[in-house]
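# Chains, contacts and geometry: an overview
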Amino acid sequence: MHSLVILFLSIAIGLAAPAAHAKPLDCTRWYRNLTCFIEDRSILSTSSSEADQTIITFPAQASHLIIDSSVVFPFSVQLFDALGETTFLTLKGGYIPVVTFRSNRLNSLRIDHTNLHDFTISPVENRNLNTLIVSGNPLAVLPPTMRYLTGLSILDLSNNALESVSLNWFESMANLLVLDLSANRIARVDLLPTLRLPRLKNLWINQNRLRELNHFPDFAPRLHRVRLVENRWSCAWVHRIRAAIWLADVQVYGAEYVCPEKVDGGLCCYDECDECSDEEEEAPERRFQIVNVNSAPEEASVELVAQTSPSNEAGDDNRLKQPHREVPEQHHRAAVDRKPPHESRFMETVRQLESTVKRIEAELKDCR
């Protein structure tokens, strides 16, 4: 009788358990170095609590998985668990609006033009992910759990819709070498006076809406390269930090040619008008020229010459006078956005990324 009861309970539990259906996803094509492409697929990720559970499996032998032009909703923790031996994951194009990241195996995650607007990171320390690229998405908010990605060396958050960033979240990233926040809508950067990013060498914060960046460059004592152009910098702030940049031996990349008086490089800054009416704010803004950010401190005096936006004819003349050695970065990015890169060019970028990650890992081992 006792054995019959156990058998009955086993059958009842089996009937009540969720029905699991395995759904293997095959590669549409393979590339060298065990790179697997999964293209033009629709993947509906179910949670573990759903009655009709579908278990997605990816090719286990793929070291680099590229999901291209596909619809995935959402890219859940269960999908990250199903990646097997994959160490590089690229989500490219298509529609993947929600990503919840959790993986102890991935070294690199790239989310490129997938219409991502909801990005979540599990609150568990992750020392394995050293490259995170989230670019070309309508992502407006970063999760505070970014701080758990303690192994990051490269963090690229360019070409999104971020409006504010807290650098304090990156303090736990002791190995962070590259931080790219360019081409967003960032108007505020929060950081404590005591914040230090000890290994940060490259900071791209151009093409935003910043008026000032507090404690710069003190928060990055080893900073080597920076891009500041195409913000709304306060003239007082630019005047203050010029000597600090020179003393810290920081190389400032990029120059603005929208100030017609000078074409030899520099930053434009803007006069703050607190008493302007709405009608006056719509008028052309008073713009000032700060020339040659790398000038020595004794030569760092700033001559402020009020300028208004030039007419179309003047603008055309200024463009003709601009040297051809440097093209403003926003035009380059716009061209890239209008025409996606050819696949061979994309794969070359992938190879360069892999090479960079390996080189950084080698440098970190040497430092230890």
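Just so you know, these numbers come straight off a predicted model, no measurement behind them.

Before going further, it helps to spend a moment on the overall build of the chain. Scanning the chain for helices and strands turns up seven helices and 21 strands. Across the 368 residues of the chain, 45% fall into the buried class. Pairs at least 24 apart in sequence give 51% of the contacts found in the chain among residues at least 6 apart.

The subject of this paragraph is a nonpolar patch on the surface. On the surface, Leu44, Val71, Phe73 and Tyr95 cluster together to form a nonpolar patch covering roughly 380 Å² of accessible area. Note that Val71 resides in strand 7 (residues 71-73). Residue Val71 is classed as partly exposed on the basis of its relative accessible area, which comes to 37%.

Here we come to the state of the cysteines. Applying the stated criterion across every chain yields a total of two disulfides. For Cys27, the disulfide goes to Cys36, at an S-S distance of 1.9 Å. Its S-S torsion of about -115° marks the bond between Cys27 and Cys36 as left-handed, since a negative value means left-handed. In this structure Cys36 comes out as buried when scored by relative accessible area, which is 0%. Two residues, Cys235 and Cys269, share a disulfide whose sulfurs are 1.9 Å apart.

For strand 3 (residues 35-39), a buried count of five out of five residues is recorded, marking the element as mostly surrounded by other parts of the structure. Of the two faces of strand 3, the one holding Thr35, Phe37 and Glu39 and the one holding Cys36 and Ile38 are both buried throughout. Taken together, the three bridges between strand 2 (residues 29-31) and strand 3 define a ladder with antiparallel strand orientation. Each bridged residue has a counterpart across the sheet, and for Trp30 the counterpart in strand 3 is Cys36. Linking strand 2 to strand 3, which pair antiparallel, is a turn of three residues; within it Asn33 sits at a positive phi near 60°. Here strand 3 runs beside strand 6 (residues 64-68); their pairing, made up of five bridges, is parallel. Across the sheet, residue Cys36 finds its bridge partner in strand 6, namely Leu65.

Chain-level statistics for the chain give a pLDDT mean of 77 and a share of 63% at 70 or above. Note on residues 1-17: pLDDT is under 50 here. Beyond four places in sequence and across chains, it has zero contacts. Confidence over residues 260-265 falls short of pLDDT 50; this stretch has 14 contacts with residues more than four positions distant or in other chains.

This model, assessed by the stated rule, comprises six aromatic pairs. Three or more aromatic residues link up through ring pairs in this structure, and these residues are Phe216, Phe219, Trp233 and Trp237. When the ring centre of Trp204 is taken as reference, the NZ or CZ atom of Arg227 above it lies at 5.4 Å.

Glancing now at the sheet that holds strand 12 (residues 131-135). Read from one edge to the other, the open sheet built from 11 strands follows the order 2-3-6-8-10-12-13-15-17-18-19, with strand pairing classed as mixed. Each edge of the open sheet carries a strand with a single partner, namely strand 2 and strand 19 (251-253). Neighbour-to-neighbour, the strand axes of this sheet turn through a mean angle of 10°, independent of strand direction. Taken together, the three bridges between strand 15 (residues 178-180) and strand 17 (residues 202-204) define a ladder with parallel strand orientation. Among the inter-strand pairings, Leu179 is bridged to a residue of strand 17, identified as Leu203.

Let us look at the side chain of Asn160. Position of Asn160 among the secondary structure elements: in the loop between strand 13 (154-156) and strand 14 (164-166). Residue classification places Asn160 among the buried residues on the basis of a relative accessible area of 8%. Of the polar contacts made by the side chain of Asn160, one reaches the backbone nitrogen of Asn137; its length is 2.9 Å. Those residues within four positions of Asn160 in sequence are excluded, and the remaining contacts are Val134, Ser135, Gly136, Asn137, Leu139, Ala183 and Asn184.

Conventions and cut-offs
Residue numbers run consecutively from 1 along every chain, following the written order of its sequence. The predicted nature of this model means local features are confined to residues of pLDDT at least 70 and side-chain atom pairs, given and counted, to a pLDDT of 80 or more, with totals for whole chains, interfaces and linings taken over all residues. Side-chain measures were taken over the full set of non-hydrogen atoms in the model, leaving aside hydrogen atoms and water. The way it works is that DSSP assigns letters per residue, a run of H or I at least four long becomes a helix, a run of E at least two long becomes a strand, and they are numbered from the N terminus. Categorising residues by exposure relies on relative accessible area from a 1.4 Å probe, with only protein chains included: less than 20% of the type maximum marks a residue as buried, more than 50% marks it as exposed, and the intermediate range marks it as partly exposed. In this analysis, two residues are considered to be in contact whenever any of their non-hydrogen atoms come within 4.5 Å of each other. To count toward a patch, a residue needs a relative accessible area over 30% and no salt bridge; like charges are then connected within 9 Å, while nonpolar side chains (Val, Leu, Ile, Met, Phe, Trp, Tyr) are connected within 5 Å. Note on areas: these come from Shrake-Rupley sampling with a 1.4 Å probe, and a residue is covered only by the protein chains present in the view. Salt-bridge detection follows one rule: a side-chain nitrogen of Lys or Arg within 4 Å of a carboxyl oxygen of Asp or Glu. Disulfides are defined as cysteine sulfur pairs within 2.5 Å. If DSSP finds at least two bridges between two strands, the strands pair. pLDDT is a per-residue confidence score from the predictor, ranging from 0 to 100. Think of it this way: a Phe, Tyr or Trp ring, Trp meaning its six-membered ring, pairs with another when their centres are within 6.5 Å, and the plane angle makes it stacked under 30 degrees, edge-to-face over 60, tilted otherwise. As a reminder, the over-ring test applies to NZ of lysine and CZ of arginine, requiring each to be within 6 Å of the ring centre and within 35 degrees of the ring normal. Only the contacting stretch of a helix is used when fitting its axis, a line to C-alpha atoms as for every element, and angles between N-to-C directions run 0 to 180 degrees. In the analysis that follows, any N or O atom pair within 3.5 Å is treated as a polar contact, provided that within protein one partner can donate a hydrogen and the other can accept it, and provided that, for residues neighboring in sequence, both atoms belong to side chains.

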